[in-house]
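As a plain string of letters, each chain reads:
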Amino acid sequence: MTVEPRIGTASPAMIDPFGRAVTYLRVSVTDRCDFRCTYCMSEHMNFLPKQEILSLEELDRVCSAFIAKGVRKLRLTGGEPLVRRDVMTLIRNLGRHLETGALEELTLTTNGSQLARFADDLASAGIKRINVSLDTLDAANFARITRWGRLAQVLEGIEAATRAGLKVKINTVALKGENEDEIPALIEWAHGQGHDITLIETMPMGDIDGDRTEQYLPLSLVRARLAERWTLDDLPDRTGGPARYLRIRETGGRLGLITPLTHNFCESCNRVRLTCTGTLFMCLGQEDAADLRAAVRASDSDDILNAAIDEAIGRKPKGHDFIIDRQHKKPAVARHMSTTGG
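Residues numbered from 1 in each chain as written. Predicted model: local features only at pLDDT ≥ 70, side-chain atom pairs only at ≥ 80, totals over all residues. Heavy atoms only, no water.

J.: What am I meant to see in the overall build of the protein here?
T.: Each helix and strand counted, the protein has 11 helices and 12 strands in total. Look at the contacts in the protein between residues 6 or more apart in sequence, and 74% of them connect residues 24 or more apart. Here the protein displays about 14500 Å² of accessible surface, and carbon together with sulfur accounts for 50% of that area. (Helix = DSSP H or I, 4+ residues; strand = E, 2+ residues; numbered from the N terminus. Contact = heavy atoms within 4.5 Å. Areas by Shrake-Rupley, 256 points an atom, 1.4 Å probe, with all protein chains shown as cover.)

Given below as structure tokens:
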């Protein structure tokens, strides 16, 4: 039986070999998605068989074990988390840790396709803010980048989330020749809607049926272009993730930059990632992992699970080895972002 963390009690900190406290867990609840974004996966994906996927009860158990060990922020991802059958059961159950104070934040990253349906339920479960992936405001370009997506559906979902009281942050992957000319308009739109926006460099993960060097747009270049248009003020803000933030004086809004390639963010890494199969990756850009599914299924007691988590945190590396150039066209790691949890 999992022991629930109690309010007012200090949970034991998970400290990695470099003295960093691990307080942030990202959990992929499914590898499936209703989009096929060109930078994320191939169009004809082979998804995992059901028996390899952790049940909702097993996901709850693993998440609760991490919370008991000091995780304070929990983000659910996919694939697209809201296409997982009965996922709201998991989200509502995890919300109990918010009520006790053991968990500071439960949040979600989504492509927005299902938000019109689930926004009110997410808010009632205790979620305060979400990240929505949106790479263009041009309907034709949106359909091309996502392959299967409809822009109007996502915009409707964002509006529903806002009405439900959820704080929305827009995530935009900067893609050379695909949306780079649209970035200023995206920023103006997001800030005009009251949303923060974060730009992300494409990451070399998984086979995407293409050459990543054709997609890679360094955010150092994007920032230089934006500085010609607007006044950019660096901010000390941190939200628990890898983004560095700045304020655009003319729009009044906040812009985040996630730069795994042009500016390695590993020195302050406080997170680990759990896949829907129960594989724990201590680093997004490394293949070393721990099998927590075997630990969960080995015993009804959490002793084996806790020992597996402790052993894995003790192997967390200092950083990743992401690189994209003409000599490194292949993905740095073979697994897709949708498997690891975006």
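Having seen it, we continue.
J.: Hey, could you run me through the sheet that holds strand E10 (residues 271–274) in this one?
T.: Whether parallel or antiparallel, the strands of a sheet pair through hydrogen bonds between backbone atoms. With mixed pairing, the 12 strands of this open sheet are ordered in space as E7-E8-E9-E6-E5-E4-E3-E2-E1-E10-E11-E12. Looking at the sheet topology across the chains shown, the edges are occupied by strand E7 (232–234) and strand E12 (289–291). Taking each pair of neighbouring strands and ignoring which way they run, the sheet shows an average axis angle of 25°. Pairing of E10 with strand E11 (residues 279–281) involves 2 bridges; the strand directions are antiparallel. Each residue of the ladder has a partner; that of Arg273, found in E11, is Phe281. Sheet contacts for helix H6 (residues 151–163): strand E4 (129–133) and strand E5 (167–174); angle to E5, the most-contacted strand, approximately 150°. (Pairing = 2+ DSSP bridges. Axes fitted to C-alpha atoms, helices over the stretch in contact; angles between N-to-C directions.)

J.: Is there a simple way to explain the packing of helix H1 (residues 56–68) against helix H2 (residues 87–94) in this structure?
T.: A pair of packed helices is captured by two measures, namely the crossing angle of their axes and the spacing between those axes. Where H1 meets H2, the axes come as close as 10 Å, and the angle between the chain directions of the two elements is 25°. Between H1 and H2, the crossing angle belongs to the class labelled roughly parallel. Judged by the sense of rotation from one axis to the other, the crossing of H1 with H2 is right-handed. Mapping the contact onto sequence places Leu56, Leu59, Asp60 and Cys63 in H1 and Thr89, Leu90, Asn93 and Leu94 in H2. (Parallel < 35°, antiparallel > 145°, perpendicular 65-115°, else oblique. Left-handed = near helix turned anticlockwise from the far one by under 90°.)

J.: Explanation requested: empty space enclosed by the protein in the structure shown.
T.: In this approach a probe as big as a water molecule rolls over the atoms, and the regions it shows empty are the leftover space. Per the counting criterion, the structure on display carries 2 cavities of 30 Å³ or more. In this structure, the second largest cavity is lined by Phe35, Cys37, Tyr39, Ser133, Leu134, Asp135, Thr136, Phe142, Ile145 and Thr146. Among the elements that take part in the lining of the second largest cavity, helix H5 (residues 139–146) stands out by supplying 3 residues, more than any other. Tallied by class, the residues present in the lining of the second largest cavity amount to 6 nonpolar, 3 polar and 1 charged. (1 Å grid on protein atoms, 1.4 Å probe; cavity = no way out; pocket = protein on both sides within 12 Å on 5 of 7 lines; lining within 4 Å. Points joined across faces, edges and corners; volume = space filled by probe spheres on them. Nonpolar A, V, L, I, M, F, W, Y, C, P; charged D, E, K, R; others polar.)

J.: Before we go on, may I ask you to explain the environment of Ala140 in this structure?
T.: The topology assignment puts Ala140 in helix H5. Along the backbone, Ala140 and Arg150 are 10 residues apart, and their C-alpha atoms lie at a distance of 8.9 Å.

J.: Explain the nonpolar core to me, please; I cannot follow it from the model alone.
T.: For soluble globular proteins, the rule of thumb is that nonpolar side chains tend to be buried together. With 89 residues, the main nonpolar core has Leu25, Phe66, Leu122, Leu280 and Leu292 as its most contacted residues. Considering each element in turn, this core owes the most residues, 7 residues, to H1. For Leu280, the residues in contact, after removing those within four places along its chain, are Leu25, Phe66, Val272, Arg273, Leu274, Asp288, Ala289, Ala290, Leu292 and Ala312. (Core = buried A, V, L, I, M, F, W, Y, C linked by side-chain atoms within 4.5 Å. Buried < 20%, exposed > 50% of the residue type's maximum accessible area, 1.4 Å probe, protein only.)

J.: What am I meant to see in the environment of Cys269 here?
T.: The topology assignment puts Cys269 in the loop between strand E9 (254–258) and E10. Accessibility expressed as a relative area gives 13% for Cys269, which makes it buried. It is 7.1 Å that separates the C-alpha atoms of Cys269 and Arg20, two residues lying 249 residues apart in sequence. Once residues within four sequence positions are removed from consideration, Cys269 is found in contact with Arg20 and Lys316.

J.: What's the story with unusual backbone geometry in this structure? I'm lost.
T.: Glycine aside, residues mostly have negative phi, and peptide bonds are mostly found in the trans state. The omega torsion across Gly78 and Gly79 is 15°, close enough to zero to call that bond cis. Summarising the element assignment, Gly79 is placed in the loop between strand E2 (73–77) and H2. Backbone geometry places Asp86, a non-glycine residue, at a positive phi of 60°. Mapped onto the fold, Asp86 is located in the loop between E2 and H2. Although it is not a glycine, Arg147 adopts a positive phi angle of roughly 65°. If you trace the backbone, Arg147 turns up in the loop between H5 and H6.

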